[in-house]
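Residues per chain are reported as follows:
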Amino acid sequence: MSTSPENPERPLLAWVRDRYPIAQFAEWAKHKTVPIGPGAFWYYFGGITLFLFFIQVGTGILLMFYYKGSADTAFESVRFISAKVPFGWLIRSVHAWAANLMIFSVFIHMFSVFFMRAYRKPRELTWLSGIVLLALLLGFGFSGYLLPWNELAFFATKVGTDIIGVIPVIGEPIMYVLRGGEEVTGSTLPRFFALHVALFPALLTIFTAAHLFFIQLQGIHEPDAWKAHPEQRKTMPFFPHFFMRELLLWLITLNILAVLAVFFPAELGVEADPFSPAPAGIKPEWYFLSTFEFLKYMPAHVGPMEGEEFGLLIISLGFLLWCLVPWIDRGRGRAMTTIVMVTGMAILIFLTILTYLGFVA
Amino acid sequence: MKRLFDRRRVLNWFLGGSTFAWLGSVIYPLLRFLSPPPEQEAAISSVKAATLSGMAPNSGQIFKFGRKPALIVRRPDGEFVAFLAKCTHLDCVVQYRSDKERIWCACHDGFYDLNGTNVSGPPPRPLDALEVHVQGDDVYVTRKS
Amino acid sequence: MRGFAAVLVLVFAGLASTVTADELPGGECLKCHLEIEDTIAELWKDDVHARAGIGCDGCHGGDPTRDVNELAKRSGSGYQGEFTAQEITLSCGGCHGDIEYMKARNPLLPVDQLEKYWTSEHGKLLAKGETRVAQCVSCHDAHGVREVNDAKSPVYAANVPAMCAHCHADAEYMSDFDIATNQYSEYVQSVHGKALLEKNDVRGAPACNDCHGNHGAAAPTVDAISNICGTCHSYNAELFLESSMASAFKDKSLADCVACHGKHLITHVSDEWVGDKPGTTCRKCHDEGDDGSDLALYFTDTITSVRQSFEEIEDLLGEAEAKGMDVTEGEDYSEAARQGLLQARTLIHSFSKPVMEDKVTEIAANQAAALEVGYAQLKAFEDRRRGLAISTLLLLLLTIGVAIKIRTLPPLE
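Now for a look at the structure at hand. (Residues numbered from 1 in each chain as written. Chains lettered and ligands numbered in written order. Predicted model: local features only at pLDDT ≥ 70, side-chain atom pairs only at ≥ 80, totals over all residues. Heavy atoms only, no water.)

**Some words on the interface of chain A and chain B**
Across the boundary between the two partners, chain A contributes 21 residues, which contact 18 residues of chain B. Both faces considered, chain A and chain B share a buried interface measuring about 1700 Å² in area, 76% of it formed by carbon and sulfur atoms. Applying the counting criterion to the chain A and chain B interface returns 0 salt bridges. Along the contact surface separating chain A from chain B lie 1 residue pair in polar contact (both at pLDDT 80 or more). Broken down by secondary-structure element, the contributors of at least two residues to the side of chain A that touches chain B are α3 (44–64), α4 (74–83), α5 (88–115) and α11 (238–263) of chain A. For the side of chain A that touches chain B, the element with the most residues is α4(A), which contributes 5 residues. (Contact = heavy atoms within 4.5 Å. Buried area = accessible area lost by both parts, 1.4 Å probe. Salt bridge = Lys/Arg side-chain N within 4 Å of Asp/Glu carboxyl O. Polar contact = N/O pair within 3.5 Å; in protein donor to acceptor, adjacent residues only side chain to side chain. Helix = DSSP H or I, 4+ residues; strand = E, 2+ residues; numbered from the N terminus.)

This is the structure in structure tokens:
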């Protein structure tokens, strides 16, 4: 116990201080602030997404204690978790719901960042790393969905990988590698499992670290209005004010997950049978519905291209523009800014309507 | 000035106590989850169906393979064969007839030989075969690879 | 007869070497009859005998090397155009009843068809001179004879009922004979008829010949019936023959199986058949209150209560499933109980209360287990909600604590 004049009551802290430069860290932490204002509510969604990711890692690791990832055993092991393992139903349903909430939250986060124009200099790389994180989360959703090996998942994966195969030139080889063969079979499952629990988590950790690092280095983006009206500037210290509020929100989110798990438990479905015909009305998960619906509306051919190829091309172009928005709207002209904002709103409305149509179709 | 019931202490105790209680309500399910349940998963990839010492030659018994009924037969020559016990005619559960050295379905007198081939009566197809592995005294049955 | 057979053998032996893959045996006879588009000749290409190398003269005699009608059919050539019914049997039976002859050509075919035929009702009547009965050609045709397992053959399992009905369902044709003509119309409505004719179960479902025999066709005698039904329904027959009913039936000269199930109009059995009320099958012989009726009452009460339990199980498991709980184990128990009920219905044929009691105990155990699963899942569902309520309450307390703590933080500038 090293007590000293500086730390009469905190021997542990003194021990650490003697060895590591935490003083600097403490200084930085004390000065970290978060803007307050009308848009401040949106600042929580990045943190909520991060929290949900922690939940996913935790419940995911727990599920791995019982999940058996091969075609003969996957379904039965998930049934075992849901029916026999104590609180297995809770862990599984929380995992399923948190996945949905996390993607929903990341979309809110991304769009709120967009409409606050926080992508502008100096935060271009934060924006790009965020897009990579979005893509990884969608990858998590797609790969995880197959793991229970039920009928819906099997056919949704078939349709989803079919769409990947439409990409010209590289699409088919990618589809072949993803599927582990020509068709979705028992060989597909181990690959998706490896992606879901190893590759994607590793990449996500790296890119999340980068994303958060950039934010710590540059501080949180402040509303544009403050540039013109500095007197409106009001901030809140991150520790402990914002942190406590965030913690509260995290706790409430956890409870929401528990309520969803109890009242809307994850379905087991019917075990996948590669030889049975596809049931009617196969749909992907809600976050892929807009793409799915969009492709359905394409005509059979557009010029020399297949309708689906054309649809994918449009989506890819749109995605590319979205990635490049920090360079399109640099904040130098009001006209460009307005166009970009209106386009963004249009895209949001478009995606929402397509998703809704996908549900009711 | 430190009073026993000043607001700050009460608040901190309350906060600490409710955190502790709430954490307990989270950790308890996690700990229960980690401890494996007494009944193991219905093994469907490999099931211990019988023991060498427990089955005489020219006998058969029904066992559960996953959720399906299955039949293991020890042939007169001592070797084991195993099949899913669902008759291919109308899904009745078959049984071993040591008097005939055949597998028999009581519903409509269908017979299968010890290769599972349908040899007499209405069954249109052979029985679904399973693989048998003997390890020491234990006889394991797995899906056909 | 033997001389005739000898002639046939010689002629066939002579012709055997002349068959080639492209050439149908028949020589000039066939050529001419094809030219005049005689249906008989056109059928010949599908005939098994043609494929075996037998020509027209194999049965009809005559000279197949002559292309002039009168010469081919001249006297001394052995030609016979039309055959009488008796002559048909002798013609076919001449080869098909000759063991050595058939051994050299198709060793698997039986050779007792003609022998059996003379024991059949058709054969007995024909021997007495009645020509309106079926003989070889009536069922097998003369010139386009196909193998039995050829789906186009009139003796293919699925075609047999209609073929027999050709005569036996014709009231006018059968008017001089003292038998009913409703067998076919009853058969097509029966479970056997539907299985064979609608579901095409040629392996499992019986046609007329499976019960009546092929060549020795006759109505089974009363004491033969349980053996005949028992060739497929072996367990039911075994149970019945070991039961007290078997001797009772014998004493009263009642037909086993048929007395309750009918002979041609065999329909699906329903649980309502069993009981002591008028209209039940048991009441056909038993009076209310006698031992038989009491047993019937026991059977019907037991089965009714088993079925009611199934309804209860379905409701309970359905309720649990609708709440998102997993009830597959309960469904497994219920399925085992259903198999048990199937077996119980078969065990009625033992007409023994102790036997049924054992089975019912087993069924009841499975049903009880299914119900237990249902109740356990409903309870688990309630437990989940209760657990959630507790943890939400604790969270609420924690939320209040944190909220107050936030308010105690130093105020913002």
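**Remarks on the interface of chain C and chain A**
Each partner contributes residues to the interface: chain C has 21 residues there, and chain A has 24 residues. Broken down residue by residue, the surface that chain C buries against chain A is led by Arg384(C), Leu388(C) and Leu412(C), which jointly contribute 30%. Counting across the chain C and chain A interface gives 2 salt bridges. Lys84(A) is the partner of Glu329(C) in a salt bridge, and the nearest nitrogen-oxygen pair spans 2.5 Å. The element that contributes the greatest number of residues to the side of chain C that touches chain A is helix α22 (residues 353–407) of chain C, accounting for 12 residues. Residue composition of the side of chain C that touches chain A, by class: 9 nonpolar, 5 polar and 7 charged. (Nonpolar A, V, L, I, M, F, W, Y, C, P; charged D, E, K, R; others polar.)

**Considering the nonpolar core**
With 77 residues, the main nonpolar core has Phe114(A), Trp127(A) and Trp149(A) as its most contacted residues. Of all the elements, α5(A) adds the most residues to this core, at 11 residues. When sequence neighbours within four positions are dropped, the list of residues in contact with Trp149(A) reads Ala71(A), Ala74(A), Phe75(A), Phe154(A), Thr185(A), Gly186(A), Leu189(A), Glu271(A) and Ala272(A). One finds Tyr298(C), Ala320(C), Met356(C) and Phe381(C) within the second-largest nonpolar core, a separate group that totals 26 residues. (Core = buried A, V, L, I, M, F, W, Y, C linked by side-chain atoms within 4.5 Å. Buried < 20%, exposed > 50% of the residue type's maximum accessible area, 1.4 Å probe, protein only.)

**Section: the sheet that holds strand β10 (residues 138–142) of chain B**
All names here are of chain B. In spatial order, the strands read β1-β10-β9-β4-β3-β2; together these 6 strands make up an open sheet with antiparallel pairing. Single-partner strands in this sheet number two, and they are β1 (46–51) and β2 (59–65). The sheet shows a mean angle of 30 degrees between the axes of neighbouring strands, direction not considered. Where β2 and strand β3 (residues 68–74) come together, 7 bridges link them in antiparallel fashion. For Phe65, the partnering residue across the bridge sits in β3 and is Lys68. (Pairing = 2+ DSSP bridges. Axes fitted to C-alpha atoms, helices over the stretch in contact; angles between N-to-C directions.)

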